[in-house]
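Secondary and tertiary structure notes
Next come the chains, spelled out residue by residue.
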Amino acid sequence: MRKTVALAGLLFSVMPLPCPASLAVAQDVSRPLPTKEDLAKNNKLFITLARKALKWDEPAEPIKMVGPLYFVGTKGLSSFLFVTQEGHILLNTAMPETGQLIVESIRKLGFKPEDIKIIINGHAHSDHAGAFAYIKAISGAELAVMEPDVAQMEDGGKSDFHYGTDWKIMGFPPVKVDRILRDGDTVRLGDVLLTAYNTPGHTRGSTTWVTQLIDSGKVYTVVFPDGAGFNPGYRVARDPSYPGIGTDYRNTHHALELLKPNIWAGHHTEYFDMEEKRKRAATEGVKAWVDPEGYRRFVAEKKSAFEALVNEEMGAGAAPAK
């Protein structure tokens, strides 16, 4: 148990994207914990351990959050359903193998996955876009994606700047994009209007979504931030993973700092303390999800982690050579 907790802590510290896993590896206390370098060199190890330790494939109880917004994801990965009289919008799925869990959660709430009209995402990685093809086949929904992520969405990750060479491990079923988004574009269905902001770094097309939702006559600004995290092996300063990645990250941090949500939710449940808020929601209702301070901490922590990585790559603080 201690080994699993320590492993989860390591994964939290080096990634914004949790991944696939085997129970045997996660529970084998005879093996030493992998280092950041181990995870950077071995994508299969990374995705396997993250998937198990961070509970990506475990079903979670769906729950209403605020107004027309419902959580329908797994214990470790977020998926959000916006319900309207004209159909539904789905933000993210989880891994390719967990599409059925998303469907079951939607049905458990009394809604039909066949009524999903629009699918949107945070970024084109398997832990968030993995079941898009599955959901689209069920619903016939339109998929709207930020322009820089369109290619890797349609090729299943082969053109990803970091994982493209290892797409058989890190990829996902390719899916056709029906609408290409650009920074500031909006997606509307019924009385739900979402604005898409391109916040690159984690992928070039990482997208932060902002909306205003009404619950019991009160308006809440809701933000789904993306793009600020980096995975094992990312290079952001010396020999960068792609030209301009460092500038992209800093611009994203600034853009996220300017947002002032009442409620926010991350694409990984540990980001926004989903389980604790779920417990409080049983008695507090919408109030449990209101967390502007948590959002500010989240952005500050991502910014600090990025600058620490820059310093590490540039050798800041290292002893001078003799």
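Refer to the structure printed above.
Read on for an overview of the structure. Quick caveat: nothing in here was measured; it's all calculated off a predicted structure.

**A closer look at unusual backbone geometry**
- Phi is positive for K55, which is not a glycine, with a value near 60°.
- The residue D273 is not glycine, and still its phi comes out positive at about 55°.
- Residue position: D273 is located in the loop between β12 (263–264) and α11 (274–284).

**What to know about the sheet that holds strand β10 (residues 207–215)**
- Here we have five strands laid out as an open sheet, ordered β8-β9-β10-β11-β12, and mixed in their pairing. Because the sheet does not close on itself, it has two edges, and the strands there are β8 (186–189) and β12.
- For β10 and strand β11 (residues 218–224), the ladder comprises seven bridges, and the chain directions are antiparallel. Within β11, the residue paired with Q212 across the bridge is T221.

**Section: the sheet that holds strand β5 (residues 116–120)**
- As summarised here, the arrangement of the seven strands in space is β1-β2-β3-β4-β5-β6-β7, forming an open sheet in which the pairing is mixed. Where the open sheet ends on each side, the last strands, each with one partner, are β1 (63–66) and β7 (179–181). The average angle at which neighbouring strand axes cross in this sheet is 25°, direction not considered.
- Sheet topology note: the strand β4 (residues 87–91)/β5 ladder contains four bridges and is parallel. Counterpart to L90 in the pairing with β5 is I119.

**What about the pattern of salt bridges?**
- On inspection of all chains with the given rule, the structure shows 13 salt bridges.
- Within the structure, one salt-bridge network assembled from shared partners comprises R51, D57 and E97.

**Some thoughts on empty space enclosed by the protein**
- Evaluated as defined, the whole model comprises two cavities of 30 Å³ or more.
- By volume, the largest cavity amounts to about 90 Å³.
- Along the wall of the largest cavity there are 13 residues; nearest its centre are P225, D226, G227, A228 and Y271.
- Its residues assigned to classes, the lining of the largest cavity shows six nonpolar, six polar and one charged.
- Put simply, the second largest cavity is a space of about 40 Å³.
- If you trace the second largest cavity, you find it lined by A124, H125, S126, G157, D160, Y163, M170, G171 and F172.
- Here the residues of the lining of the second largest cavity sort into four nonpolar, four polar and one charged.

Calculation criteria
- Residues numbered from 1 in each chain as written.
- Predicted model: local features only at pLDDT ≥ 70, side-chain atom pairs only at ≥ 80, totals over all residues.
- Heavy atoms only, no water.
- Helix = DSSP H or I, 4+ residues; strand = E, 2+ residues; numbered from the N terminus.
- Pairing = 2+ DSSP bridges.
- Axes fitted to C-alpha atoms, helices over the stretch in contact; angles between N-to-C directions.
- Salt bridge = Lys/Arg side-chain N within 4 Å of Asp/Glu carboxyl O.
- 1 Å grid on protein atoms, 1.4 Å probe; cavity = no way out; pocket = protein on both sides within 12 Å on 5 of 7 lines; lining within 4 Å.
- Points joined across faces, edges and corners; volume = space filled by probe spheres on them.
- Nonpolar A, V, L, I, M, F, W, Y, C, P; charged D, E, K, R; others polar.

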